[in-house]
Amino acid sequence: MITAGFSLQPRRVYRYIIESDSLIKSPESYACINKFQVTDINDDQVPEIILNTHASGNARPESPYSDWFGWLMVLDKDMEFVFPPVRFLEYPGYVRVVPLIKDGTTKLVAFHDYAGTDTINSALYLFDNHGNQVSKSPVSGYENGNSEIFPNINNN
């Protein structure tokens, strides 16, 4: 991943393939991507790229995958979206995602950390590996915008 901070747009993720000396890029996006994790979420023996984003509000809201929103985004080996990105509406905020094996399948836990001054609760979301929301739990009692979610050993 190449990151250029807030100024360079659009933003993309790149995969360099050493064997063929080729470069593949993700779809055009204005999402502010700040971290990623590589893991197989659909048991096809090929890892996907789970992106963490934050809503910084530098691009126009109508831009593709604008940074006025946080996004749940997962890329495959060809740098295409595994499922349509899921938008989190509250701005500003962070979307941090980790895989979680539950009931024998990989799910995605997304922590939407609202960092604004309104009385909006942050929340933990559980998604299946197709981007469908399974559940949501509000989170409060911490300093918004300063939290992190970490994967556990073997995504348990």
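For the structure given in this document, a descriptive report is provided here. (Residues numbered from 1 in each chain as written. Predicted model: local features only at pLDDT ≥ 70, side-chain atom pairs only at ≥ 80, totals over all residues. Heavy atoms only, no water.)

### Some words on the pairing of strand β2 (residues 22-25)
Strand direction decides the pairing type here: strand β1 (residues 14-17) and β2, joined by four bridges, are antiparallel. From the neighbouring strand, Tyr 16 faces β2, where its bridge partner is Leu 23. Between β1 and the antiparallel strand that follows it, β2, lie four residues; Asp 21 among them carries a positive phi value of about 50 degrees. (Pairing = 2+ DSSP bridges. Helix = DSSP H or I, 4+ residues; strand = E, 2+ residues; numbered from the N terminus.)

### Let's talk about the side chain of Arg 12
Within the secondary structure, Arg 12 sits in the segment before β1. One buried charged side chain, Arg 12, makes no salt bridge at all; its nearest oppositely charged neighbour is Glu 28, positioned 4.3 Å away. (Buried < 20%, exposed > 50% of the residue type's maximum accessible area, 1.4 Å probe, protein only. Lys, Arg positive; Asp, Glu negative; His and termini not counted. Salt bridge = Lys/Arg side-chain N within 4 Å of Asp/Glu carboxyl O.)

### Let's talk about unusual backbone geometry
Cis geometry marks the peptide bond from Tyr 91 to Pro 92; its omega dihedral reads -10 degrees. As for its position among the elements, Pro 92 is in the loop between β6 (86-88) and β7 (93-102). Even without being glycine, Met 79 reaches a positive phi, approximately 65 degrees. Relative to the helices and strands, Met 79 resides in the loop between β5 (70-75) and β6.

### A few points about the nonpolar core
Where a protein is soluble and globular, its nonpolar side chains tend to be buried together. Formed by 14 residues in total, the largest nonpolar core has its most connected members in Leu 72, Phe 88, Val 97, Leu 108, Ala 110 and Phe 127. For this core, the elements supplying multiple residues, two or more each, are β5, β6, β7, β8 (105-114) and β9 (122-127). One finds Val 13, Ile 49, Leu 75 and Phe 81 within the second-largest nonpolar core, a separate group that totals eleven residues. (Core = buried A, V, L, I, M, F, W, Y, C linked by side-chain atoms within 4.5 Å.)

### Observations regarding a nonpolar patch on the surface
Taken together, the side chains of Tyr 14, Tyr 16, Ile 18 and Leu 23 present a nonpolar region at the surface, about 440 Å² in accessible area. Secondary-structure assignment places Ile 18 in the loop between β1 and β2. On the basis of relative accessible area, Ile 18 is assigned to the exposed category, the value being 64%. (Patch = residues over 30% accessible without salt bridge, like charges linked within 9 Å, V, L, I, M, F, W, Y side chains within 5 Å. Areas by Shrake-Rupley, 256 points an atom, 1.4 Å probe, with all protein chains shown as cover.)

### Describing the side chain of His 54
Secondary-structure assignment places His 54 in strand β4 (residues 48-55). Reaching out from His 54, the side chain makes a polar contact with the side chain of Asn 34 at a distance of 3.2 Å. (Polar contact = N/O pair within 3.5 Å; in protein donor to acceptor, adjacent residues only side chain to side chain.)

### As for the pattern of salt bridges
Taken as a whole and judged by the stated rule, the model has five salt bridges. With a closest N to O distance of 3.6 Å, Asp 78 and Lys 77 form a salt bridge. On the basis of relative accessible area, Asp 78 is assigned to the partly exposed category, the value being 38%. You can call Lys 77 partly exposed: its relative accessible area is 40%. Residue Glu 148 is joined to Arg 96 by a salt bridge in which the shortest nitrogen-to-oxygen separation is 3.4 Å. One end of the pair, Glu 148, is in the segment after β10 (133-139); the other, Arg 96, is in strand β7, and 52 residues separate them in sequence. Glu 148 sits in the partly exposed class, given a relative accessible area of 29%.

### Quick look at the packing of aromatic side chains
Taken as a whole and assessed by the stated rule, the structure comprises seven aromatic pairs. An angle of 80 degrees between the planes, with centres 5.1 Å apart, marks the rings of Phe 88 and Tyr 125 as edge-to-face. Separated by 37 residues along the polypeptide, Phe 88 in strand β6 and Tyr 125 in strand β9 bring together distant segments of the chain. Since its relative accessible area comes to 10%, Tyr 125 is described here as buried. Between the aromatic rings of Tyr 125 and Phe 127, the centroid separation amounts to 6.0 Å while the plane-to-plane angle is 25 degrees, which identifies the pairing as stacked. Residues Tyr 125 and Phe 127 agree in their burial class; the two are buried. Here the guanidinium or amino end of Arg 87 rests over the ring plane of Phe 69, the centre of that ring lying 4.6 Å away. (Phe/Tyr/Trp six-rings, centres within 6.5 Å; stacked < 30°, edge-to-face > 60°. Lys NZ or Arg CZ within 6 Å of the ring centre and 35° of its normal.)

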